[in-house]
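# Coordinate analysis (summary)
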Amino acid sequence: MTLHARYPAIADLKSRARRRIPHFVWEYLDSATGIESTQARNRTELDKVLLTPSILHGEFTPDLSTTFLGKHFPLPIGIAPVGMSGLVWPGAEQMLARTAARENIPFTLSTVASQLPEDVGPLAGDHAWFQLYPPRDPEIRKDILSRAKASGFTTLVLTVDVPVASRRERQTRGGLTNPPKLTPRLALQAAQCPAWLNGIRKTGMPRLRLMESYSDIKTALPSNQHIGYLLRTSPDWNYVTWLRDHWDGPLIVKGVLRPGDVGRLEQAGVDAIWVSNHAGRQFDAAPATIEVLPQIRAATTLPIIFDSGIACGLDVLRAMALGADFVMLGRAFHYGLAALGEPGAAHVLDILRQDMISNMGQIGARDLKELPNTLR
């Protein structure tokens, strides 16, 4: 039986992932903040975007390729940053980097990953991106940028939608600390997930290795108050200017929801805008990203990346029809890892690819540029 026969949708991988990782890990991966209204709104508003089927367009094979920031990609899809990926599945960062290299898509390593840039960047191929949670200390900033560049990361992504820590109540109730500590309650959960536990025994309990290299703090902290929060700052416009002056590759700003901000981002010299509400993990009264995407598209000629709420290839088409140039997914690839290990990440990409092909056939779109014409 093929993987597509057993797991035809990302939802199937999600269901298997939940059974294979401890409950406290699941709560970290799957939760949002507040009563999770923003997370639900992302799904509701995506479902409202309708594309019109086409008839009598004959046989064709859709072209899913695109060019983004001067690079050619076989799909308009990349791997978004997820902090502490190695907690979700042991060795996750390396697995995702290798998958991205094989598939020729971008992989974005988080500042709060469980692995160092030096250990991941060389595995990610030509499209290694580094996501920066903004350190307060300019010397730490300079050193992180230098280490990322030396490790092969070509594109810098500044996340700006975490000015303060969110509460993430489900995550807190789950009992996760950073570094993770297996209390009797959490150890019992881990014992019920032998594949995950065996992997952790091989890799060791994940830690925020990059951040720890700049601090002597070793005590376990709540997962929404970890060492990364202690070292970072809430950036301002001068911070963006500083980064533009100190990073000689493409600079992307992630977490944009207001059309009024994009003009100033253009003036600051950023190369692309990433429309995101952090998948509902930061603020529970945010609009769905798909709601604001057309307004931001109308306000700028810069390339636009889209994330938050993508669950299938059809969602990718919806975002691109409304103005996105590229789509990034985080949770979905981690569902794949937790369900099937490294092959699961590649299967997620294949699910998205096949779903895009099927739906583009339904709407008669021969390439991605035709998608806006199919909007209802």
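In short, a report on the structure. (Residues numbered from 1 in each chain as written. Predicted model: local features only at pLDDT ≥ 70, side-chain atom pairs only at ≥ 80, totals over all residues. Heavy atoms only, no water.)

Moving on, we come to the packing of aromatic side chains. Overall, the coordinates contain six aromatic pairs when judged by the stated rule. Between Phe24 and Trp196, the aromatic rings sit 6.1 Å apart at their centres with planes inclined by 90°, giving edge-to-face as the arrangement. Taken together, the residues span a long stretch of sequence, with Phe24 in helix α3 (residues 23-30) and Trp196 in helix α11 (residues 194-203) at a distance of 172 residues. Members of the aromatic cluster, each reached through a chain of ring pairs, are Phe68, Phe73, Trp129 and Phe326. Stacked on the ring of Trp247, the Lys or Arg Lys149 has its end atom at 4.1 Å from the ring centre. (Phe/Tyr/Trp six-rings, centres within 6.5 Å; stacked < 30°, edge-to-face > 60°. Helix = DSSP H or I, 4+ residues; strand = E, 2+ residues; numbered from the N terminus. Lys NZ or Arg CZ within 6 Å of the ring centre and 35° of its normal.)

What follows deals with helix α14 (residues 237-246). Each full turn of the α-helix corresponds to 3.6 residues, which orients residues three or four apart in the same direction. Among all positions of α14, only Tyr239, Val240, Trp242, Leu243 and Arg244 are buried. Lining the buried residues of α14 we find β5 (128-132), α8 (138-150), β6 (155-159), β9 (251-256) and α15 (262-268). With a side-chain oxygen lying 3.1 Å from the backbone nitrogen of Asn238, the N-terminal cap of α14 falls on Asp236. (Buried < 20%, exposed > 50% of the residue type's maximum accessible area, 1.4 Å probe, protein only. Contact = heavy atoms within 4.5 Å. Polar contact = N/O pair within 3.5 Å; in protein donor to acceptor, adjacent residues only side chain to side chain.)

Let us look at the pattern of salt bridges. Here the idea is simple: oppositely charged side chains can pair when their charged atoms come close. Within this structure, the stated rule accounts for 21 salt bridges. The closest approach of N and O atoms between Arg170 and Glu27, which form a salt bridge, is 2.7 Å. Here the residue Arg170 occupies a position in helix α9 (residues 169-174), and Glu27 occupies one in helix α3, the gap between them amounting to 143 residues. The same class applies to Arg170 as to Glu27, namely buried. Notably, a salt bridge pairs Arg98 with Glu342, separated by 2.8 Å at the nearest N-O pair. Residue Arg98 is located in helix α6 (residues 92-103), and its partner Glu342 is located in helix α19 (residues 342-363); the two are separated by 244 residues in the primary sequence. We classify Arg98 as partly exposed; its relative accessible area is 31%. The class of Glu342 is buried, set by a relative accessible area of 17%. Sharing partners across several salt bridges, the network here consists of Lys14, Glu27, Asp30, Glu36 and Arg170. (Salt bridge = Lys/Arg side-chain N within 4 Å of Asp/Glu carboxyl O.)

What follows concerns helix α2 (residues 10-20). Buried within α2 we find Ile10, Leu13 and Ala17. Looking straight down α2, one finds its buried side chains confined to an arc of 55°; they lie on one side. Structural note: α2 exposes Ala11 and Arg19 on the side pointing more than 90 degrees away from its buried face. For α2, the secondary structure elements touched by its buried residues are α3, α18 (331-340) and α19. (Arc of directions from axis to C-beta.)

Let us look at the pairing of β5. For β5, a buried count of five out of five residues is recorded, marking the element as mostly surrounded by other parts of the structure. With burial as the criterion, each face of β5 is covered, one bearing Ala128, Phe130 and Leu132 and the other bearing Trp129 and Gln131. Pairing of strand β4 (residues 107-109) with β5, which is carried by three bridges, proceeds in the parallel orientation. Opposite Phe107, over in β5, you have Ala128 as the bridge partner. In this structure, β5 lies alongside β6, joined through four bridges in parallel fashion. Pairing of Gln131 across the sheet is with Val157, part of β6. Handedness of the β-α-β unit built from β5, α8 and β6 comes out right-handed. (Pairing = 2+ DSSP bridges. Right-handed = clockwise from strand over helix to strand, strands pointing away.)

This part is about the side chain of Ser308. Take Ser308: it is sitting in the loop between β11 (304-306) and α17 (313-321). According to the relative accessible area criterion, Ser308 is buried, its value standing at 5%. Here Ala279 takes part through its backbone nitrogen, which lies 3.1 Å from a polar atom of the side chain of Ser308. Those residues in contact with Ser308 that lie beyond four places of it in its chain are Asn42, Leu46, Ser276, Asn277, His278, Ala279 and Thr289.

Moving on: the side chain of Asn277. Considering the arrangement of structural elements, one finds Asn277 in the loop between β10 (272-275) and α16 (289-299). Given the relative accessible area of 5%, Asn277 is considered buried. Of the polar contacts made by the side chain of Asn277, one reaches the side chain of Asn42; its length is 2.8 Å. Apart from residues lying up to four places away in sequence, Asn277 is in contact with Thr38, Asn42, Asp161, Leu257, Ala286, Pro287, Ala288, Thr289, Asp307 and Ser308.

Note that all results are geometric; they support no functional claim without further evidence.
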